[in-house]
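Okay, here's what each chain looks like letter by letter:
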Amino acid sequence: MDEQPRISDAEWEIMKVIWAKSPATAADVIHTLRDNKTWKDNTIKTLLSRLLQKGILTYEQVNRLYYYSPVLTEEECKRQERQSFLQRVYGGALKPMLVHFLKEEKLSSQEIDELKKILSEKEK
């Protein structure tokens, strides 16, 4: 898989809307984010342009409206973000990251049982 350009935190917010409402116009994105963000309309339009330039979004023009759609699924972007984080922070080694999180984070018995189940399935 070719590595996609990194998506900034602000761009992730835009992408969440696009994944949920694709295809979406800039007005759709602005309307959806209006309650949660203090971004101006032009900020959102700039973020959409950046995502287009990065190849994360594509669009179709119908009359004077642009309908934005994702190039990659949310899961594909999350996978790439995980791999990038793992490489940057842990040199690509999964075990030290898992050990760190397991030692540092509080887990419920249900979460521990789920992790045990996943690990036992990996052994098969």
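Residues numbered from 1 in each chain as written. Predicted model: local features only at pLDDT ≥ 70, side-chain atom pairs only at ≥ 80, totals over all residues. Heavy atoms only, no water.

### Quick notes on the domain arrangement of the protein chain
As a reminder, the rule being used: Domain extents, as shown, originate in an automatic or database domain assignment.
One can read the domain layout of the protein chain as domain 1 (9–70) and domain 2 (74–123). The gap between the C-alpha centroids of domain 1 and domain 2 is 30 Å.

### As for the pairing of strand β2 (residues 65–70)
Selection rule: At least two DSSP bridges between two strands are required for those strands to pair. Numbering of helices and strands starts at the N terminus; helices are DSSP runs of H or I of at least 4 residues and strands are runs of E of at least 2.
By the bridge criterion, six bridges tie strand β1 (residues 57–62) to β2 in an arrangement that is antiparallel. Across the sheet, residue Tyr59 finds its bridge partner in β2, namely Tyr68.

### Quick look at the nonpolar core
The condition is simple: Take the buried Ala, Val, Leu, Ile, Met, Phe, Trp, Tyr and Cys residues and link them wherever side-chain atoms come within 4.5 Å; each set so joined is a nonpolar core. Relative accessibility under 20% of the residue-type maximum defines a buried residue, over 50% an exposed one, and the middle range a partly exposed one, all with a 1.4 Å probe and only protein chains included. Here a residue-residue contact requires only that any non-hydrogen atoms of the pair lie within 4.5 Å.
If you look at the biggest cluster of nonpolar residues, it comprises 21 residues, and the most contacted ones within it are Ile14, Ile18, Val29, Ile44, Leu48, Leu51 and Leu57. Residue assignment for this core shows that the elements contributing at least two residues are α1 (9–21), α2 (26–33) and α3 (41–53). The element that contributes the greatest number of residues to this core is α1, accounting for six residues. Beyond its immediate stretch of four places on either side in the chain, Leu57 contacts Met15, Ile18, Leu48, Leu51, Leu52, Tyr68, Ser69, Pro70 and Val71.

### Regarding α3
Here is the rule: The span one expects for a helix is its residue count, reduced by one, times 1.5 Å. The arc refers to the directions leading from the helix axis to the C-beta atoms.
Between its first and last C-alpha atoms α3 spans 19 Å; for 13 residues at 1.5 Å apiece the expected length is 18 Å, and the two agree. Ile44, Leu47, Leu48 and Leu51 are the residues of α3 that are buried. When α3 is viewed along its axis, its buried side chains cluster within an angular range of 100 degrees and face the same direction. Exposed side chains of α3 directed beyond 90 degrees from the buried face belong to Asn42 and Gln53. Against α1, α2, β1 and β2 lie the buried residues of α3.

### Re the pattern of salt bridges
The criterion, for reference: Put simply, a salt bridge is a Lys or Arg side-chain nitrogen that is within 4 Å of an Asp or Glu carboxyl oxygen.
Across all of its chains, the model carries five salt bridges by this definition. Across the pair Lys78 and Glu74 runs a salt bridge whose closest N-O atoms are separated by 3.6 Å. A residue pair is termed a helical-turn pair when its members lie 3 or 4 positions apart in one helix, as Lys78 and Glu74 do in helix α4 (residues 74–90) at four residues. By relative accessible area, Lys78 is classed as partly exposed at 35%. Residue Glu74 is classed as partly exposed on the basis of its relative accessible area of 30%. Where Glu75 meets Arg82, a salt bridge forms, and the shortest distance between an N and an O atom there is 3.3 Å. Overall, Glu75 belongs to the partly exposed group, its relative accessible area being 41%.

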